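The chain contents come next:
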Amino acid sequence: MAAGASRRLGQPKQLLPFRGTVLVNYVVQQALASKVGPVFVVLGAQQAQIRPRIDLPDEQLLYCENWAEGMGTTIAYGVHQLLAQSNNGLLISVADQPFLTADILQQLVQQRTATGASVVCSKYAEGQGPPTFFSALVVPELLHLRGDDGAKQVVKRYRKQLATINFPSGCYDVDTEADLIHLISD
């Protein structure tokens, strides 16, 4: 997911320089390196600037016209576009987690295989969140998301069928100038 407007930062966080590329492309590189499946990026705000900076074929770059309605709406759009691609489940990541690695994405899929959980979340130092794997059973529920809450409501509904992997630095993302300074000093 790379559709947000980065209002708090005041510039597209997806385009922040990071590890020899831009942040969104770094996340894409990690997803590709994980080899967990095809990689798609859902774009929204500033998509014309961001699209050329992502090393994926154009057909794997999706544009959600209603991105401003929130992450839930953007997820629903992406799921709708991808339902024909796979019935094995779906892994959702965000474009502003600088400590994401291919290994984290692989662990999500491995945990799903090992436990049979309907949802596998990343467990942060405090709380949990993306990247998250949703089994084929759960994916259709993502089509009904709206607003800014993302998939939290779906995750809560499946809390008895939930597994986690440890990703303590997953709570760190880029939303403000202070986050940007921390990112640059990394």
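Residues numbered from 1 in each chain as written. Predicted model: local features only at pLDDT ≥ 70, side-chain atom pairs only at ≥ 80, totals over all residues. Heavy atoms only, no water.

A. Inspection of the side chain of Gln-97 at higher detail. Relative to the elements of secondary structure, Gln-97 occurs in the loop between strand S5 (90–92) and helix H4 (102–115). Looking at Gln-97, its side chain comes within polar contact range of the side chain of Tyr-124, at 3.4 Å. Within polar-contact distance, the side chain of Gln-97 engages the backbone oxygen of Pro-130 at 2.9 Å. Dropping the residues within four chain positions of it, Gln-97 is found in contact with Val-27, Tyr-124, Pro-130, Pro-131, Phe-167, Gly-170 and Tyr-172. (Helix = DSSP H or I, 4+ residues; strand = E, 2+ residues; numbered from the N terminus. Polar contact = N/O pair within 3.5 Å; in protein donor to acceptor, adjacent residues only side chain to side chain. Contact = heavy atoms within 4.5 Å.)

B. How the structure looks around helix H1 (residues 23–34). The end-to-end C-alpha separation of H1 is 17 Å, in line with the 16 Å expected for twelve residues at 1.5 Å each. Most of H1 sits inside the fold, with nine of its twelve residues counted as buried. If you check which residues of H1 are buried, you get Leu-23, Val-24, Asn-25, Tyr-26, Val-27, Val-28, Gln-30, Ala-31 and Ser-34. Elements in contact with the buried residues of H1: strand S1 (17–18), strand S2 (21–22), strand S3 (41–43), helix H2 (47–50) and H4. (Expected span 1.5 Å × (residues − 1). Buried < 20%, exposed > 50% of the residue type's maximum accessible area, 1.4 Å probe, protein only.)

C. Summary view of the pairing of strand S6 (residues 119–123). Of all the five residues making up S6, four are buried; the element is thus mostly covered by neighbouring parts of the structure. As paired strands, S6 and strand S7 (residues 128–134) are joined by four bridges and run antiparallel to one another. The residue bridging Lys-123 from the neighbouring strand is Gln-128, located in S7. Hairpin connection between S6 and S7: a loop of four residues separates the two successive antiparallel strands, and Gly-127 in this loop has a positive phi of roughly 90°. Where S6 and strand S8 (residues 162–166) come together, five bridges link them in parallel fashion. The residue of S8 that forms the bridge with Ser-122 is Ile-165. (Pairing = 2+ DSSP bridges.)

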